Amino acid sequence: GQQLNQSPQSMFIQEGEDVSMNCTSSSIFNTWLWYKQEPGEGPVLLIALYKAGELTSNGRLTAQFGITRKDSFLNISASIPSDVGIYFCAAILQTGANNLFFGTGTRLTVIP
Amino acid sequence: EAGVTQSPTHLIKTRGQQVTLRCSPISGHTSVYWYQQALGLGLQFLLWYDEGEERNRGNFPPRFSGRQFPNYSSELNVNALELEDSALYLCASSYWVGTNTGELFFGEGSRLTVL
């Protein structure tokens with residue numbers, strides 16, 4: 001199946017620092033999404049991107065849908081302790097399809 | 001409004017046994033998805049049910065099966081458990097209108113340990 005390569009696998013940063021993570025694939029996708037999973041909970045949608053080149057913000061989070069439609073990145077500015085969790089990229093191959101393909105996740109640790 | 005609920009939250013089985021996991025979607029959602037989250041492997045798509053029918057399944061053997069009931073709740077069954085089935089099984093729901101926006105609402109998962 002389609003594989004989403006997410007990097008980095010883990011990050012340890014100081015509170016207040018900015019964070020950047022990305023997701024790449026050899027396949028073209030029509031929708032890119034970013035989810036966050038906190039301990040003991042299921043993933044929660046952060047940002048959804050539906051158009052190549054689209055740049056979308058949600059508070060301190062900014063994500064972009066790559067022009068080639070094969071990648072996406074997520075930036076978190078001025079990190080805070082509650083940003084801790086696992087961030088997953090996800091993508092949908094075809095409009096109207098149901099399958100979300102997930103990346104392997106980036107585990108973020110914020111040191112106060 | 002209640003979110004997606006799953007049961008049991010934790011369970012331990014031995015190889016060869018069978019397990020049934022249950023999921024109740026958010027009220028009004030007709031689609032239920034099952035994902036397996038094994039350590040270090042992200043979320044792997046298992047099954048998608050909508051309006052009581054299996055719409056799609058991921059690359060898993062037939063011993064992974066399920067169903068969706070008229071009230072849209074769902075069960076995931078795994079037969080002949082193997083050690084590598086140990087994982088967090090996540091259920092998600094959405095309102096399927098023919099265009100998937102990608103927003104799935106996940107439950108907290110059922111953590112299965114196979115010994």
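Preceding block: the structure.
A brief look at the structure comes next. (Residues numbered from 1 in each chain as written. Chains lettered and ligands numbered in written order. Predicted model: local features only at pLDDT ≥ 70, side-chain atom pairs only at ≥ 80, totals over all residues. Heavy atoms only, no water.)

1. Things to note about the sheet that holds strand β1 (residues 5-7) of chain A
In a beta sheet, neighbouring strands pair by backbone hydrogen bonds and run either parallel or antiparallel.
Residue and element names in this part refer to chain A.
Link 1 in the chain: Across the sheet, which stays open at both edges, the five strands sit in the order β1-β3-β8-β7-β6 with antiparallel pairing between neighbours. Every other strand in the sheet has two partners, leaving β1 and β6 (55-58) as the edge strands with one partner each. Each strand axis lies, on average, 15° off the axis of its neighbour in the sheet, ignoring direction.
Link 2 in the chain: Sheet topology places strand β7 (residues 61-65) next to strand β8 (residues 71-76); five bridges connect them, and they run antiparallel. Along β8, the bridge assignment pairs Phe 65 with Ser 72. (Pairing = 2+ DSSP bridges. Helix = DSSP H or I, 4+ residues; strand = E, 2+ residues; numbered from the N terminus. Axes fitted to C-alpha atoms, helices over the stretch in contact; angles between N-to-C directions.)

2. So, the sheet that holds strand β3 (residues 19-24) of chain B
Residue and element names in this part refer to chain B.
Link 1 in the chain: Pairing within the open sheet is antiparallel, and its four strands lie in the order β1-β3-β8-β7. At either end of the open sheet lies a strand with only one pairing partner, and these are β1 (5-7) and β7 (64-68). Averaged over all adjacent pairs, the angle separating strand axes in this sheet is 15°, with direction ignored.
Link 2 in the chain: With five bridges joining them, β7 and strand β8 (residues 74-78) adopt antiparallel strand pairing. Bridge pairing in β8 links Arg 67 to Glu 75.

3. Focus on the packing of aromatic side chains
Aromatic ring pairs are defined here through the distance separating the ring centres and the angle between the ring planes.
Link 1 in the chain: Applying the stated criterion across every chain yields a total of 11 aromatic pairs over all chains.
Link 2 in the chain: With a centroid separation of 6.0 Å and 5° between ring planes, the pair formed by B:Tyr33 and B:Trp48 is classed as stacked. Residue B:Tyr33 is located in strand β4 (residues 31-37), and its partner B:Trp48 is located in strand β5 (residues 43-50); the two are separated by 15 residues in the primary sequence.
Link 3 in the chain: The interplanar angle of 50° and the centroid separation of 5.9 Å between the aromatic rings of B:Tyr35 and B:Phe106 together place this pair among those described as tilted. Taken together, the residues span a long stretch of sequence, with B:Tyr35 in strand β4 and B:Phe106 in strand β10 (residues 105-106) at a distance of 71 residues. The exposure classification of B:Tyr35 matches that of B:Phe106, with both residues buried.
Link 4 in the chain: Members of the aromatic cluster, each reached through a chain of ring pairs, are A:Tyr35, A:Phe88, A:Phe102, B:Tyr35, B:Phe45 and B:Phe106. (Phe/Tyr/Trp six-rings, centres within 6.5 Å; stacked < 30°, edge-to-face > 60°. Buried < 20%, exposed > 50% of the residue type's maximum accessible area, 1.4 Å probe, protein only.)

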